[in-house]
Structures are given as structure tokens and as C-alpha cells.
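In case you want the letters, here they are:
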Amino acid sequence: MMDVTDADFADEVIGAELPVLVEFTADWCPPCRQMGPVLRALAAEEADRLKVVQLNVDHNPLTTNAYKVLSMPTFMVFCDGEPVKSMVGARAKRRLLEELADVI
């Protein structure tokens, strides 16, 4: 799982060939930290079908504001450069996979 920034968001997310799950996260957010192991496992298990990245909202305000992210963690799925799904709040890996089933 990689970190993306305002500078490389277009290349890494918008231009990606696979669907991309972006976690909008913050260092001060306990539920965000809780999602770390879940997302790392998901990234490893679904590497051939899904790209998983994190964007720190405090360090990357342009992208955060562009997608109107207000709560952490917010998960957005991008397919062909477009946001197709948004979810707010921590969740178990099984539930996250169920919610991603229609895009991967």
C-alpha cells in the first residue's frame, strides 16, 4: 500500500489501470490507524484486481478539498479516473470486501 500526494494523485489514482481504493486518512485519527492492517492485507490479497493507496488529508489539502472529504477515514473508489463509490468510517475487512464487490 502506497502513500499518494497532491502532486502524484493524478498519475497514481486518476491514471491507474486498475480500480483504486483511496483512504483519506490523518495521523491524529484512531479509526484510520485501525484500518492500516486491514488495508495492507487487502492490498496484498487483491493486488491483481485493486490498487490501495492512502492520502494524508493534513498534508494534501488540494485533493482533500477537491473531493469534499470532511470525515476520516473516508474511502473512495476510482475507476477509469472517476470516483464511483465513497464510504465513511472504519470497517472490518469482510465488510469492506463486500462493499467493493461491484467494482473489483
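The structure displayed is predicted, hence computed values, not measured ones.

(A) Layout of the packing of helix H2 (residues 30-45) against helix H4 (residues 93-100). Viewed as axis vectors pointing N to C, H2 and H4 meet at an angle of 50°, and their least axial separation amounts to 10 Å. Our classification of the angle between H2 and H4 gives oblique. In the packing of H2 onto H4, the handedness of the crossing is right-handed. For the pair formed by H2 and H4, the contact residues are Met35, Val38, Leu39, Ala41, Leu42 and Glu45 on the first element and Lys93, Leu96, Leu97 and Leu100 on the second.

(B) Local environment of the sheet that holds strand S3 (residues 51-56). The strand order across the open sheet formed by 5 strands is S1-S3-S2-S4-S5, and the pairing between neighbours is mixed. Two strands bound the open sheet, and with one partner strand each, they are strand S1 (2-4) and strand S5 (82-88). Across the sheet, the mean angle separating the axes of adjacent strands is 30° when strand polarity is ignored. Looking at chain direction, strand S2 (residues 20-25) and S3 are connected through 6 bridges and run parallel. Bridge pairing links glutamate 23 to glutamine 54 in S3. Seen against the sheet, H2 touches S2, S3 and strand S4 (74-79) and runs at an angle of roughly 165° to S2. Those strands touched by H4 are S2, S4 and S5, and its axis lies near 150° from that of S5.

(C) Structural context of the state of the cysteines. With the rule as written, the count across this model stands at 1 disulfide. In this model, cysteine 29 is linked to cysteine 32 through a disulfide, with the two sulfur atoms separated by 2.3 Å. Where cysteine 29 bonds to cysteine 32 through sulfur, the torsion about that S-S bond is close to 80°, and the disulfide is right-handed. Cysteine 32 gets classed as buried once you look at its relative accessible area, which sits at 3%.

Procedures and definitions
- Residues numbered from 1 in each chain as written.
- Predicted model: local features only at pLDDT ≥ 70, side-chain atom pairs only at ≥ 80, totals over all residues.
- Heavy atoms only, no water.
- Axes fitted to C-alpha atoms, helices over the stretch in contact; angles between N-to-C directions.
- Helix = DSSP H or I, 4+ residues; strand = E, 2+ residues; numbered from the N terminus.
- Parallel < 35°, antiparallel > 145°, perpendicular 65-115°, else oblique.
- Left-handed = near helix turned anticlockwise from the far one by under 90°.
- Contact = heavy atoms within 4.5 Å.
- Pairing = 2+ DSSP bridges.
- Disulfide = S-S within 2.5 Å.
- Buried < 20%, exposed > 50% of the residue type's maximum accessible area, 1.4 Å probe, protein only.

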